[in-house]
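Residue-level listing of the chains:
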Amino acid sequence: MAFGSVPAAKSVVEALEKFKYEGSCDQDHEDESKLIETCVICMEEVIIGSHLIRMPCSHICHEDCISPWIHQNHTCPLCRHKLPSQ
Ligand SMILES: [Zn+2]
Ligand SMILES: [Zn+2]
C-alpha cells in the first residue's frame, strides 16, 4: 500500500470500475427508466461497445470523458458524489 502519496488524477480513474457497454443489462430493474444510458459528462447517449466508467454513485460516463473532467473535479458532475482520491 502506498500510503501518504498524493494520487494523480489518473490513478483515480484507474480505481474506478471500467466496463464495456453491451446494451441494457438491468433486467432486474424494470422500474427504472434507464433504457438509454447517457454519459453524465457529455450527456451523449451511450452506444454499445463504448468504454465506460462506473462511478461509486453508479453514474456512468465515457472513459474518454472522465479523464479531462477528473483533472479539475473530483466529484460526479451529476450528483456531486465525491470520487475516491486513492
Ligand atoms: Zn461522455
Ligand atoms: Zn453521481
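Here, every reference points to the structure presented above.
Structural notes, computed from the coordinates. Starting from 1, residues in each chain are numbered consecutively following that chain's sequence as written. To label them, take the chains in the order written and letter them from A, then take the ligands in the order written and number them from 1. Where totals are concerned, whole chains, interfaces and linings use all residues; where local detail is concerned, this predicted model gives features only for residues with pLDDT of at least 70, and gives and counts side-chain atom pairs only at 80 or more. Values reported for side chains reflect all heavy atoms of the structure, with hydrogen atoms and water molecules removed beforehand.

1. Considering helix α2 (residues 63–70)
Since the α-helix turns once every 3.6 residues, residues separated by three or four places project in the same direction. Remark: exposure states derive from per-residue accessible area (1.4 Å probe, protein chains only) relative to the maximum for the residue type, with buried under 20%, exposed over 50%, and partly exposed in between. Numbering goes from the N terminus for both helices and strands, where a helix is a DSSP run of H or I of at least four residues and a strand is a run of E of at least two. Those residues of α2 that sit buried are Cys-65, Ile-66 and Ile-70. Seen from one end, α2 has its buried residues packed into an arc of 115°, which puts them on one side. For α2, the elements touching its buried residues are α1 (9–15), β2 (51–54) and β3 (60–62). By construction, the arc corresponds to the directions joining the helix axis to the C-beta atoms. Contact definition: two residues touch when any of their heavy atoms are within 4.5 Å.

2. A look at the packing of aromatic side chains
The geometry of an aromatic ring pair comes down to the distance between the two centres and the angle between the two planes. Ring geometry is summarised as follows: Phe, Tyr and Trp rings, the Trp one being its six-membered ring, pair when their centres sit within 6.5 Å, and such pairs are stacked at plane angles under 30 degrees, edge-to-face over 60 and tilted between the two. Tallying each qualifying case throughout the model produces zero aromatic pairs. Cation placement over rings: the criterion is NZ of Lys or CZ of Arg within 6 Å of the ring centroid and within 35° of the ring normal. It is Arg-54 that lies over the ring of Phe-19; its NZ or CZ is 4.5 Å from the centre.

3. Brief notes about the pattern of salt bridges
A carboxyl oxygen of Asp or Glu within 4 Å of a side-chain nitrogen of Lys or Arg is what we treat as a salt bridge. Overall, the coordinates contain one salt bridge when judged by the stated rule. Among the ionic pairs, Arg-54 bridges to Glu-17, the shortest N-O distance being 3.5 Å. One end of the pair, Arg-54, is in strand β2; the other, Glu-17, is in strand β1 (residues 17–20), and 37 residues separate them in sequence. Among the residues examined, Glu-17 registers a relative accessible area of 42% and is labelled partly exposed.

4. Things to note about the coordination of the zinc ion (ligand 1)
For Na, K and Ca the donor cut-off is 3.2 Å, while for other metals it is 2.8 Å, and in both cases only N, O and S atoms qualify; water is not among them, so sites may look incomplete. Distances from the zinc ion (ligand 1) to its protein donors, Cys-39 (SG), Cys-42 (SG), His-62 (ND1) and Cys-65 (SG), fall within 2.0 to 2.3 Å. For a four-donor site, all angles between 85 and 135 degrees give tetrahedral; for four or six donors, opposite pairs above 155 degrees with the remaining angles between 65 and 115 give square planar or octahedral; all remaining cases count as irregular. The site at the zinc ion (ligand 1) holds four donor atoms, and with the angles between them running 104 to 118°, its shape is tetrahedral. Here the donor residues for the zinc ion (ligand 1) map to a single chain with the spacing C-x2-C-x19-H-x2-C. Assessed through its relative accessible area of 0%, Cys-39 is described here as buried.

5. Remarks on the coordination of the zinc ion (ligand 2)
Protein ligation of the zinc ion (ligand 2) involves Cys-57 (SG), His-59 (ND1), Cys-76 (SG) and Cys-79 (SG), the donor distances falling in the range 1.9 to 2.3 Å. Geometry at the zinc ion (ligand 2) is tetrahedral, judged from its four donor atoms and the angles of 107 to 116° they form at the metal. Positions of the donor residues of the zinc ion (ligand 2), expressed as sequence spacing, correspond to C-x1-H-x16-C-x2-C. Taken together, the positions of His-59 in the loop between β2 and β3 and Cys-76 in the segment after α2 put the pair 17 residues apart, joining distant regions of the chain. Its relative accessible area of 1% is what places Cys-76 among the buried residues.

6. Let's talk about the nonpolar core
Nonpolar cores were defined as sets of buried Ala, Val, Leu, Ile, Met, Phe, Trp, Tyr and Cys residues, with membership established by side-chain atoms within 4.5 Å. In terms of nonpolar packing, the biggest core is built from 15 residues, with Val-13, Ile-53, Met-55, Cys-61, Ile-66, Ile-70 and Leu-83 touching the most fellow members. Put simply, the parts of the chain that give this core at least two residues each are α1 and α2. If sequence neighbours within four positions are ignored, Val-13 has contacts with Lys-18, Ile-53, Ile-66 and Ile-70. By size, the runner-up hydrophobic cluster in this structure holds five residues, among which are Phe-19, Tyr-21, Val-46 and Leu-52.

Geometric descriptors of this kind do not, in isolation, establish any biological role.
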